[in-house]
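Next come the chains, spelled out residue by residue.
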Amino acid sequence: MSMNAALIVALALASAPVPGGSTSLQQLVERIPEVVDDSGGIGTDAQELASRIQAHGAAAIPYLLPLFREESEPIRDFAGYVLRDLEGLTEEHLDALIQARLHGDGWIPPAIARIGTPRAIAFLVEDLKEEPQTQSQLTHALVIAGRKGAACPRGCSQGHEGHWWQREVSGGQPELRV
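Residues numbered from 1 in each chain as written. Predicted model: local features only at pLDDT ≥ 70, side-chain atom pairs only at ≥ 80, totals over all residues. Heavy atoms only, no water.

(A) Region of interest: the pattern of salt bridges. For the structure on display, the rule yields eight salt bridges. R101 serves as the salt-bridge partner of D127, at 2.5 Å between the closest nitrogen and oxygen. Of this pair, D127 sits in helix α9 (residues 118–130) while R101 sits in helix α7 (residues 91–102), and the two are 26 residues apart along the sequence. For R101, a relative accessible area of 12% gives the class buried. Sharing partners across several salt bridges, the network here consists of R84, D85, E87 and R114. (Salt bridge = Lys/Arg side-chain N within 4 Å of Asp/Glu carboxyl O. Helix = DSSP H or I, 4+ residues; strand = E, 2+ residues; numbered from the N terminus. Buried < 20%, exposed > 50% of the residue type's maximum accessible area, 1.4 Å probe, protein only.)

(B) Spatial organisation of helix α6 (residues 73–84). Here α6 contains twelve residues, and its C-alpha end-to-end distance of 16 Å stays within 8% of the 16 Å for a straight helix at 1.5 Å per residue. Of all the residues in α6, the buried ones are P74, I75, F78, A79, G80, Y81, V82, L83 and R84. Those residues of α6 hidden inside the fold are in contact with α3 (32–35), α4 (44–54), α5 (61–64), α7, α8 (109–115) and α10 (137–145). (Expected span 1.5 Å × (residues − 1). Contact = heavy atoms within 4.5 Å.)

(C) A look at the nonpolar core. If you look at the biggest cluster of nonpolar residues, it comprises 45 residues, and the most contacted ones within it are I32, I53, F78, L83, L97 and I112. Those residues in contact with L97, other than ones at most four positions away along the chain, are L65, F68, L83, L89, I108, A111, I112 and I115. (Core = buried A, V, L, I, M, F, W, Y, C linked by side-chain atoms within 4.5 Å.)

(D) Fine view of the packing of α4 against α6. Closest axis-to-axis distance for the α4/α6 pair is 9 Å, and the angle between their directions is 50°. By the angle class used here, α4 and α6 are oblique. Considering the relative orientation of α4 and α6, their crossing is right-handed. For the pair formed by α4 and α6, the contact residues are A46, Q47, L49, A50, I53 and Q54 on the first element and F78, Y81 and V82 on the second. Here the contact of α4 with α6 is built from residues that sort into seven nonpolar, two polar and no charged. (Axes fitted to C-alpha atoms, helices over the stretch in contact; angles between N-to-C directions. Parallel < 35°, antiparallel > 145°, perpendicular 65-115°, else oblique. Left-handed = near helix turned anticlockwise from the far one by under 90°. Nonpolar A, V, L, I, M, F, W, Y, C, P; charged D, E, K, R; others polar.)

(E) Here's a closer look at the environment of Q47. In this structure, Q47 sits in helix α4. The sequence separation of Q47 and V35 amounts to twelve residues, and the corresponding C-alpha distance is 9.0 Å. Among all residues touching Q47, those that are not within four sequence positions of it are I42 and Y81.

(F) Seen up close, the packing of aromatic side chains. The final tally for this structure, using the stated rule, is one aromatic pair. Note on Y81 and W107: the rings are 4.8 Å apart at their centroids and 80° apart in plane angle, and the pair reads as edge-to-face. You can see Y81 sitting in helix α6 and its partner W107 sitting in the loop between α7 and α8, a full 26 residues away along the chain. Judged by its relative accessible area of 22%, W107 falls in the partly exposed class. (Phe/Tyr/Trp six-rings, centres within 6.5 Å; stacked < 30°, edge-to-face > 60°.)

(G) Spotlight on the confidence of the model for the protein. In this model, the protein carries a mean pLDDT of 77, and residues with pLDDT of at least 70 account for 70%. Taken element by element, the predicted model of the protein shows its lowest mean pLDDT in helix α1 (residues 3–14) (42) and its highest in α5 (97). Here residues 1–20 is a poorly scored stretch, pLDDT under 50, and it has 15 contacts once near neighbours within four places are set aside; other chains count. This model gives residues 173–178 a pLDDT under 50, and the stretch forms 16 contacts once residues within four places in sequence are excluded. (pLDDT = per-residue confidence, 0-100.)

This is the structure we're talking about:
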């Protein structure tokens, strides 16, 4: 199968109706502006739409990443909200997720943690060190990362235990500390 034919098949599959439902992924993404608002939260309609998009799994990623370039902050935030619990993110998506975080997306750290590579974890640890916080998406992300998130970054001159973020991430559970 040629590259063009494979692309056409992939696009057709991504826009096909969801099993058990009648709305394509493209149609779901087009609904995003209808359900997001400037309230700063994720309402019931937005949660339902997020779940329906997430049901598509990794196929939704190419539809969501471009939303980080939208002018509308609520649309960018919604993309982060959907991606935070979506499986299938890989190192190839990391640059876009990091840029989203650097531009203020508070939902995205768990998505970065799910990638789990040393670069992803190092970014999260540095983010937490720059902006110390507790009980946030960022600390939740480091809990998702587990042992990797509690480790000292390379070049640490303070040893491998006792950093404030290690205590936060491990919740005082020594088994999560390095």
